[in-house]
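As a plain string of letters, each chain reads:
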Amino acid sequence: MSVKIEDSWKQALSAEWQKDYFVNLTQWLHSEYKTKQIFPPGKQIFAAFDTTPFNDVKVVILGQDPYHDVGQANGLCFSVNDGIQFPPSLNNIFKEVHDDTGAPIPTSGNLERWAKQGVLLLNATLTVEAHRAGSHQNRGWEEFTDAAIAALANNRENIVFILWGSYAIKKGAFINRMKHLVLTSPHPSPLSAYRGFFGNHHFSQANAYLEKHGIAPINW
């Protein structure tokens with residue numbers, strides 16, 4: 001089975017392609033994309049990996065599901081296509097970036113500019129049915145994205161893992177804190193942002209850590 005994904009990630013995750021869960025997931029997704037409206041578009045399923053090659057990863061931000069409304073999801077967590085209104089969580093992310101680093105609130109919610117600098121914007125589940133949040137959970141994506149995080153955590157050093165909310169924190173619990181910086185806080189959603197997301201200073205902390213280890217910081 002051939003998987004269209006950036007070459008360094010194809011190699012890093014080579015053990016996954018023939019596993020039963022991934023073969024079953026792929027077959028199921030083929031049917032879903034043929035019969036239903038699924039986001040993101042098929043060619044963008046692996047956009048996070050395609051935009052940020054394995055050895056270029058400096059920071060990992062972990063989301064849960066793609067956005068499930070028309071035109072939003074582009075394969076990068078928390079990111080939306082140009083011209084799309086910012087979802088509430090993304091609004092809060094930009095507010096914290098501004099308060100933390102002084103960077104202006106951008107006019108576009110497309111976070112490809114972060115991904116190209118080495119920020120892996122990874123959702124735990126890479127696809128979703130239109131207007132049905134969480135509809136593709138527990139189909140195998142979580143095992144696949146666990147493998148991606150483990151590949152980075154075990155084979156690289158000095159990566160910043162940014163985990164917002166209990167789901168992401170639990171998913172990243174195994175990461176070796178001696179090799180990497182792990183930053184955790186409540187989620188940026190309106191339900192929890194005021195309980196500790198605002199003021200977490202994750203963006204400045206990430207850059208300070210990268211610079212300390214001789215790695216170019218992110219232009220947030």
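*Asks:* Is there a simple way to think about the overall build of the protein chain in this case?
*Replies:* Within the protein chain, the secondary structure is distributed over eight helices and six strands. Order of helices (α) and strands (β) in the protein chain, N terminus to C terminus: α-α-β-α-β-α-α-β-β-α-β-α-β-α. The C-alpha radius of gyration computed for the protein chain amounts to 17 Å, which stays within 12% of the reference 17 Å derived for 220 residues, consistent with globular compactness. Viewed in the frame of its principal axes, the protein chain has a C-alpha envelope of about 45 × 35 × 25 Å. Sorting the 220 residues of the protein chain into buried and exposed places 54% on the buried side. Contacts spanning at least 24 positions in sequence make up 65% of the contacts within the protein chain whose residues lie at least 6 apart.

*Asks:* Is there a simple way to think about the pattern of salt bridges in this case?
*Replies:* Two side chains with opposite charge may pair up if their charged atoms get near one another. Tallied over the entire structure, the rule returns six salt bridges. Between glutamate 16 and lysine 19 there is a salt bridge, with its nearest N and O atoms 3.2 Å apart. Using a relative accessible area of 7% as the deciding quantity, one classes glutamate 16 as buried. In this structure, lysine 95 engages aspartate 99 in a salt bridge whose closest nitrogen and oxygen atoms are separated by 3.1 Å. Note that lysine 95 and aspartate 99 are positioned in helix H4 (residues 88–101) at a spacing of four residues, about one turn of the helix.

*Asks:* Explain the sheet that holds strand E6 (residues 181–185) here, please?
*Replies:* Pairing between sheet strands relies on hydrogen bonds along the backbone, with the strands arranged either parallel or antiparallel. Strand order in the open sheet formed by four strands is E3-E2-E5-E6, and the pairing between neighbours is parallel. The open sheet terminates on both sides in strands that have one partner only, identified here as strand E3 (119–123) and E6. On average, each strand axis in the sheet is tilted by 20° relative to the strand beside it, whichever way the strands run. Across the sheet, helix H6 (residues 141–155) lies against strand E2 (59–63), E3 and strand E5 (160–164), angled at about 155° from E3, the strand it touches most.

*Asks:* Help me understand the pairing of E6 in this model?
*Replies:* Side-chain positions along a regular strand alternate between the two faces of the sheet. Most of E6 is tucked away, with four of its five residues classed as buried. Direction of pairing for E5 relative to E6: parallel, over a ladder of five bridges. Along E6, the bridge assignment pairs phenylalanine 161 with valine 182. In this view, the connection linking E5 to its parallel neighbour E6 by way of helix H7 (residues 165–171) has right-handed handedness.

*Asks:* What exactly am I supposed to notice about the packing of aromatic side chains here?
*Replies:* Per the stated rule, a full pass over the model turns up 21 aromatic pairs. Between tryptophan 17 and phenylalanine 144, the ring centres sit 5.7 Å apart and the planes meet at 40°, which makes this aromatic pair tilted. Within this pair, whereas tryptophan 17 is found in the loop between helix H1 (7–12) and helix H2 (20–35), its partner phenylalanine 144 is found in helix H6, the two being separated by 127 residues in sequence. For tryptophan 17, a relative accessible area of 7% gives the class buried. On the basis of relative accessibility, which here comes to 0%, the residue phenylalanine 144 falls in the buried class.

*Asks:* Got a minute to help me understand helix H8 (residues 202–212) in this structure?
*Replies:* Since one α-helical turn is 3.6 residues long, residues separated by three or four positions face the same way. Buried residues of H8: His202, Phe203, Ala206, Asn207, Tyr209 and Leu210, and no others. Along the axis of H8, the buried positions cluster into a sector of 160°, meaning they face one direction only. Among the exposed residues of H8, those oriented more than 90 degrees off its buried face are Glu211 and Lys212. Following H8 by one or two positions, glycine 214 has its phi on the positive side, about 75°.

What counts, and where the lines are drawn
- Residues numbered from 1 in each chain as written.
- Predicted model: local features only at pLDDT ≥ 70, side-chain atom pairs only at ≥ 80, totals over all residues.
- Heavy atoms only, no water.
- Helix = DSSP H or I, 4+ residues; strand = E, 2+ residues; numbered from the N terminus.
- Rg over C-alpha atoms; globule rule 2.2 N^0.38 Å.
- Buried < 20%, exposed > 50% of the residue type's maximum accessible area, 1.4 Å probe, protein only.
- Contact = heavy atoms within 4.5 Å.
- Salt bridge = Lys/Arg side-chain N within 4 Å of Asp/Glu carboxyl O.
- Pairing = 2+ DSSP bridges.
- Axes fitted to C-alpha atoms, helices over the stretch in contact; angles between N-to-C directions.
- Right-handed = clockwise from strand over helix to strand, strands pointing away.
- Phe/Tyr/Trp six-rings, centres within 6.5 Å; stacked < 30°, edge-to-face > 60°.
- Arc of directions from axis to C-beta.

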